[in-house]
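# Examining the three-dimensional arrangement
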Amino acid sequence: QVQLVESGGGLVQPGGSLILSCAASGSIFSIYAMGWYRQAPGKQRELVAAITSGGSTNYADSVKGRFTISRDNAKNTVYLQMNSLKPEDTAVYYCNAEIRADSGSYWLGYWGQGTQVTVSS
């Protein structure tokens, strides 16, 4: 059993900052990629940022230069530092991780429960 638990969402004014955290726990042998997705009302879920176990990163064009993804492999935790937030960043943010439960298992994708980020004055 694997769980991803997110924290750090909330209400922030335009131009403000937030940091999201997501900790993976349970039966974990290794984690490859960890990432953040978001879904605004009436829109499809989209990739915000992702990071591999080796530290390679990928960002959506809309957040480049404003958001930074990082991870602590020892803690199985991924972070998303969000700066210069805009109203269009308002969404539910979901953590995702590709995890193997043991050396003989396949990589499986897991999702967190989501955390609301609202950017409004």
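Presented here is an overview of the structure given in this document. Since the model is a prediction, treat every value here as computed from it, not as a measurement. (Residues numbered from 1 in each chain as written. Predicted model: local features only at pLDDT ≥ 70, side-chain atom pairs only at ≥ 80, totals over all residues. Heavy atoms only, no water.)

Turning our attention to the state of the cysteines. One pass over the full model with this rule turns up one disulfide. Paired by a disulfide, C22 and C95 hold their sulfur atoms 2.1 Å apart. Between C22 and C95, the S-S dihedral sits near -80°, and the bridge is therefore left-handed. In this pair, C22 sits in strand β3 (residues 18–26) while C95 sits in strand β9 (residues 91–100), placing the two residues 73 residues apart along the sequence. Judged by relative accessible area, C22 falls into the buried class, the value being 0%. (Disulfide = S-S within 2.5 Å. Helix = DSSP H or I, 4+ residues; strand = E, 2+ residues; numbered from the N terminus. Buried < 20%, exposed > 50% of the residue type's maximum accessible area, 1.4 Å probe, protein only.)

This part takes up the packing of aromatic side chains. Going through the model one piece at a time under the given rule, you end up with two aromatic pairs. When the ring of Y37 is compared with that of W111, the centres are 5.0 Å apart and the planes differ by 65°; the resulting orientation is edge-to-face. Taken as a pair, Y37 in strand β4 (residues 30–39) and W111 in strand β10 (residues 108–111) lie far apart in primary sequence, 74 residues in all. In this structure Y37 comes out as partly exposed when scored by relative accessible area, which is 24%. Seen from the ring of Y94, R45 lies directly overhead, with NZ or CZ sitting 3.7 Å from the centre. For R45, the ring lying beneath its charged end belongs to W111, and the centroid distance is 4.6 Å. (Phe/Tyr/Trp six-rings, centres within 6.5 Å; stacked < 30°, edge-to-face > 60°. Lys NZ or Arg CZ within 6 Å of the ring centre and 35° of its normal.)

Tallied over the entire structure, the rule returns four salt bridges. With its nearest N and O atoms 2.8 Å apart, the salt bridge here joins E46 to R38. For E46, a relative accessible area of 35% translates into the label partly exposed. D89 is the partner of R66 in a salt bridge, and the nearest nitrogen-oxygen pair spans 2.8 Å. In this pair, R66 sits in the loop between β6 (57–59) and β7 (67–72) while D89 sits in the loop between β8 (77–82) and β9, placing the two residues 23 residues apart along the sequence. Overall, the relative accessible area of 10% leaves R66 in the buried class. Where salt bridges share partners, they join R38, E46, R66 and D89 into one cluster. (Salt bridge = Lys/Arg side-chain N within 4 Å of Asp/Glu carboxyl O.)

Keep in mind that these numbers describe shape and distance, not what the molecule does.
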